[in-house]
Amino acid sequence: MESIWTQAVDVIRSRVSEEIFETYFAPLRFLSGDETQIKIAAVDPFFCYWVQEHYNDLLLNAVTQAAGRPLEVILDTEAIEPEALLTRASLSEGGDEDIKDELLGSSFTLNPHYTFENFVLGPNNEMAHAMSAAVAREPAEAFNPLFIYGGTGLGKTHLLHAIAHRILAANPEARIVYISAEEFMNQMIRVLTQKSARGMEHFRARYRESCDVLLMDDIHILEGKDRSQEEFFHTFNALHSAQKQIVLTSDRTPKEFQDLSDRLRSRFTWGMLTDIKPPLFETRVAILQRKAIQEDARMPMEVLHYIARTVSANVRELEGALTRLLAFASIRKRPVTVEFAASVLGEVVDEARVVRDITAIQQMVAEHFNVQVSDLCGARRMKAIAHPRALAMYLCRTHTRSSFPQIGRDFGGRDHSTVMAAVRRIAQELEKDEALKAELTKLERKLP
Ligand code: ADP
Ligand code: MG
């Protein structure tokens, strides 16, 4: 097994620059291997993390090529201790100069419109709203953490800002941190690459000590990011045990996370879990009404109904349609009628049609493989689901006019790069895999 690793290293060496090789791959050490996997350890835990984040595919391909069969590569990050990173940092030269706050990007701005007052209630979001209001009224006393999950554009960020606004209104001194999990991760990486011990202290103090309320958006991004999970785990513990409020949002439930440490998963469910669903027709109309008032625009009810009927996926698209309509109406100096709306929103209507196409393809593929549409849009990665999912994405890309981001959104809010990777992989496999080609032809015949 060790010789497979040695060969894989040669493959990698031929594919990356000398510098990258020396920095990231030379320090990797073979640990063990069997029929299905090969275990690698890194001398330096931070680089190990970095390799996993950035060179996972390269690593997999090299090992597969060397072994002549697919092998799972496990990078041993167990040994990662924050302290190890600190030691490493303090050993580096000049590690003690002051860490500027810009390094962390300290400030965040709250959207003034994202208040509880501007949040339109419906059966789809009442619970999430009530829980958020409770938390804003009594931080750290009602539920801790509060975990809000739901699809994109449904108001999660709006609620987080609303909580911040309300707490600040009652107590302008409250130390609130609003941050997306992605930014949290980026800051951490920036601090780590600065190789300054003070940087890490500073980072930790910011989130663990100088914070009364932590509002962290889109934590699903931490999936599979072991090092960031580790850091967040400690942040969570420090805040929770100091009775500071934590509110988290995500596009899925803690249960649906794939690569999430169990201890973090269990903490996510310590407090209250609540979801937001897409708004029903009546709620969509109410949202449009409020938005029209906000824009100081008069809109006939039938036009609002028309938009609400045509655009249904989420609130963000709903608002976008209204904004576009108002812009056209003011440029063309035309009264807003249903006919005018239909002509302006032609594109949006088309998008809605594309959404239907994607849905239809998802249903067809799900039926063909005997899985659920929710599986295709969900997070599970077992082959029996991941394969149909990739095929469905491929079909959507080749048989609808949808963009990668659009497909990503409709497959459970995935990132466009995930869709691109899946589509590319299928395209590559199709070149050599006859069985897959036949399977695809069969599916294409069934296309709606
Ligand atoms: P998410 O974070 O879930 O992707 P956002 O909070 O960014 O969604 O919401 C998208 C847009 O829709 C924002 O402009 C937000 O103000 C608006 N919005 C969402 N839900 C509501 C609601 N119930 N009432 C009014 N506006 C809403
Ligand atoms: Mg958001």
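Residues numbered from 1 in each chain as written. Chains lettered and ligands numbered in written order. Predicted model: local features only at pLDDT ≥ 70, side-chain atom pairs only at ≥ 80, totals over all residues. Heavy atoms only, no water.

Visitor: Where do I start with the overall build of the chain in this structure?
Guide: Per the secondary structure count, the chain includes 22 helices and eight strands. Sorting the 448 residues of the chain into buried and exposed places 47% on the buried side. When contacts within the chain are restricted to residue pairs at least 6 apart in sequence, those whose partners lie at least 24 apart make up 73%. Summed over its atoms, the accessible surface of the chain is roughly 22200 Å², and 49% of this surface lies on carbon and sulfur atoms. (Helix = DSSP H or I, 4+ residues; strand = E, 2+ residues; numbered from the N terminus. Buried < 20%, exposed > 50% of the residue type's maximum accessible area, 1.4 Å probe, protein only. Contact = heavy atoms within 4.5 Å. Areas by Shrake-Rupley, 256 points an atom, 1.4 Å probe, with all protein chains shown as cover.)

Visitor: Looking at this structure, I do not really get the site of ligand 1. What am I missing?
Guide: The immediate surroundings of ligand 1 are formed by 16 residues, with V120, G153, K156, T157 and H158 found nearest. In this structure, N125 approaches ligand 1 through a side-chain N or O atom, which is 3.2 Å from a nitrogen atom. Measuring from an oxygen atom of ligand 1, one finds a side-chain N or O atom of H158 at 2.7 Å. Coverage of ligand 1 by the protein amounts to 92% of the 560 Å² it exposes when considered alone. Secondary structure elements with two or more residues in the shell around ligand 1: α8 (156-170) and α15 (315-332). No fewer than three residues from each of domain 2 (96-276) and domain 3 (281-354) sit in the shell around ligand 1. (Near = heavy atom within 4 Å. Polar contact = N/O pair within 3.5 Å; in protein donor to acceptor, adjacent residues only side chain to side chain. Domains from an automatic or database assignment.)

Visitor: How do you make sense of the sheet that holds strand β1 (residues 28-33) when you look at a structure like this?
Guide: Strands in a sheet are paired, the pairing made by backbone hydrogen bonds, and the direction either parallel or antiparallel. Read across the sheet, three strands follow the order β1-β2-β3 without closing on themselves; strand pairing throughout is mixed. Looking at strand neighbours, the two that pair on one side only are β1 and β3 (72-76), the edges of this open sheet. Taken pair by pair, the neighbouring strands of this sheet meet at an average axis angle of 30 degrees, ignoring direction. Inspection of the sheet shows strand β2 (residues 37-42) paired to β3 by five bridges, in the parallel sense. Bridge pairing in β3 places Q37 opposite E72. Across the sheet, helix α1 (residues 2-15) is in contact with β1 and β2; its angle to β1 comes to roughly 145 degrees. Running over the sheet, helix α4 (residues 56-67) touches β1, β2 and β3 and is turned about 125 degrees from β3. (Pairing = 2+ DSSP bridges. Axes fitted to C-alpha atoms, helices over the stretch in contact; angles between N-to-C directions.)

Visitor: What is the right way to read the sheet that holds strand β6 (residues 213-217) from this model?
Guide: Spatial strand order, β5-β6-β7-β4-β8: five strands in an open sheet with parallel pairing. Unpaired on one side and paired on the other, β5 (176-180) and β8 (272-276) mark the two borders of the sheet. Strand-to-strand twist of the sheet, defined as the mean angle between neighbouring strand axes without regard to direction, takes the value 15 degrees. Sheet topology note: the strand β4 (residues 146-150)/β8 ladder contains five bridges and is parallel.

Don't take any of this as a statement about function, it's just geometry.
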